[in-house]
Each structure stands twice: as structure tokens, then as C-alpha cells.
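Spelled out from the first residue to the last, the chains are:
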Amino acid sequence: SNWKIFEWRSRKHSTIWLAKNCRSITAVDDLDLRINNDLHQQQMKYLIRKYDVKNLTYKSRAIEVVIEEHPFFGKIESNIRSNYGENSPYVNAIHETDEQYDCIIIDGWHYNACARAALSHVKKGTVIIVDNCHRLTIGIDSTKIFKLYHEFEHKFFYDPETVDKRTDVWIVLD
């Protein structure tokens, strides 16, 4: 209940639940400039009003989208699995303040860039959650995250209904 949380990619009800159970949360939605994002943003703002959430800072920031050729799936959006996004407003939303967070959730685009950006906002005991981490069947290779967080305590949890979908958790020790 005392945690300050930063979440890349708000997911409506889970974000509201987190807000109801923490001190404060900053949630950043991925804004794909190629499509209309209004519906999701309207739904999120509606839930914030409906549940009278006061401790949630909700932001939308643009993501970087690059189309690449995948050996099995053909043309895919590589913003999930690549090193793109280092300079995107989405990744850099965490740098809009100097906050140190108790929990950082990476569940969206630019996994590797978000993982790197998170490092300047952690303290001893910070929990970093990376959802759908290391899904090689769809091309998400988080090897760089594992190298980046190699000194942190690591745990992971598989989704029993899939081959390689899992959530990885790191705890900052020092």
C-alpha cells in the first residue's frame, strides 16, 4: 500500500486495481500514431472517474514503430522485440520526473529500452516486473535485459497455457 509504481502500458482495470492498492502510480499508454487511440484513452479516463482514483498519473506517449522481416511470421512490427525506442516519448516518460519507484512494470513496447531507462529510477528493494518476457516464438528476445539485471535477484512465472509466455521479476538488491 506504500509503493510508488511506474507502469509502461496501462491495461485499464489492472491499472485501476494497482492504484487502489498503492500510494501512487504513473501509467503510460503506448500511443501508436498510425491508428486512432481515442477509445482506449476514453475508457481509461472513464474508469479513473468511476472509481474516483486520485493517485494515478495517466499519460499517453508515442511509440516508435518499425516494420521488419521475421523468419517465420513475415513482416512484423519490431517495436516489441528490438532495440528501438531509446528516444521515444513512451520510453522516456519515466524520465519526466526524478522519482525512485518501489515497483516498475514493463508490459508493452520497447522492452529492452524500457529496461535500460528503468535503471535510473530504482533503489534498493525495487521490484521490476517484465510481463511476457523472453517470448522467442514471436521474436521477443530479452537477453539484453538479463545481462542488464544480472546482479538483481530473479524469479519467473510461466503461463501454464502457453509454450514460452512468462513473467520475469527482478528485485534490486543494492
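Here goes a summary of the coordinates provided. (Residues numbered from 1 in each chain as written. Predicted model: local features only at pLDDT ≥ 70, side-chain atom pairs only at ≥ 80, totals over all residues. Heavy atoms only, no water.)

Structural notes on the packing of aromatic side chains
What describes a pair of aromatic rings is the distance from one ring centre to the other and the angle between the planes of the rings.
Line of reasoning, step 1. Counted under the stated rule, the structure contains 6 aromatic pairs.
Line of reasoning, step 2. Taken together, a centroid distance of 4.8 Å and an interplanar angle of 75° make the contact between Phe 6 and Trp 8 edge-to-face. Summarising the burial analysis for this pair, Phe 6 and Trp 8 share the class buried.
Line of reasoning, step 3. Aromatic pair Phe 146 and Trp 170: ring centres 5.2 Å apart, planes at 75°, arrangement edge-to-face. Of this pair, Phe 146 sits in helix α5 (residues 143-148) while Trp 170 sits in strand β9 (residues 166-171), and the two are 24 residues apart along the sequence.
Line of reasoning, step 4. The class for Trp 170 is buried, based on a relative accessible area of 2%.
Line of reasoning, step 5. Here the aromatic residues Phe 146, Tyr 149, Phe 152 and Trp 170 are joined through ring pairs into a cluster of three or more. (Phe/Tyr/Trp six-rings, centres within 6.5 Å; stacked < 30°, edge-to-face > 60°. Buried < 20%, exposed > 50% of the residue type's maximum accessible area, 1.4 Å probe, protein only. Helix = DSSP H or I, 4+ residues; strand = E, 2+ residues; numbered from the N terminus.)

Observations concerning the nonpolar core
Line of reasoning, step 1. In terms of nonpolar packing, the biggest core is built from 27 residues, with Trp 8, Ile 104, Ile 106, Ile 128 and Tyr 149 touching the most fellow members.
Line of reasoning, step 2. If you tally residues by element for this core, the top one is helix α4 (residues 111-118), at 6 residues.
Line of reasoning, step 3. In this structure, Ile 106 is in contact with Trp 8, Tyr 111, Cys 114, Ala 115, Ile 128, Ile 129, Val 130, Asp 131 and Tyr 149, ignoring residues within four places of it in sequence.
Line of reasoning, step 4. Counting 15 residues, the second-largest nonpolar core is a separate cluster that includes Cys 22, Ile 25, Ala 27 and Leu 56. (Core = buried A, V, L, I, M, F, W, Y, C linked by side-chain atoms within 4.5 Å. Contact = heavy atoms within 4.5 Å.)

Quick notes on the environment of Lys 123
Line of reasoning, step 1. In this structure, Lys 123 sits in the loop between α4 and β7 (127-131).
Line of reasoning, step 2. When its relative accessible area of 31% is taken as the criterion, Lys 123 is described as partly exposed.
Line of reasoning, step 3. Residues Lys 123 and Ile 171 lie 48 residues apart in sequence; the distance between their C-alpha atoms is 9.7 Å.
Line of reasoning, step 4. Look past the residues within four positions of Lys 123 in its chain and what remains in contact with it is Gln 100, Tyr 101, Asp 102 and Val 172.
Line of reasoning, step 5. For Lys 123, the side chain forms a polar contact with the side chain of Asp 102, separated by 3.0 Å. (Polar contact = N/O pair within 3.5 Å; in protein donor to acceptor, adjacent residues only side chain to side chain.)

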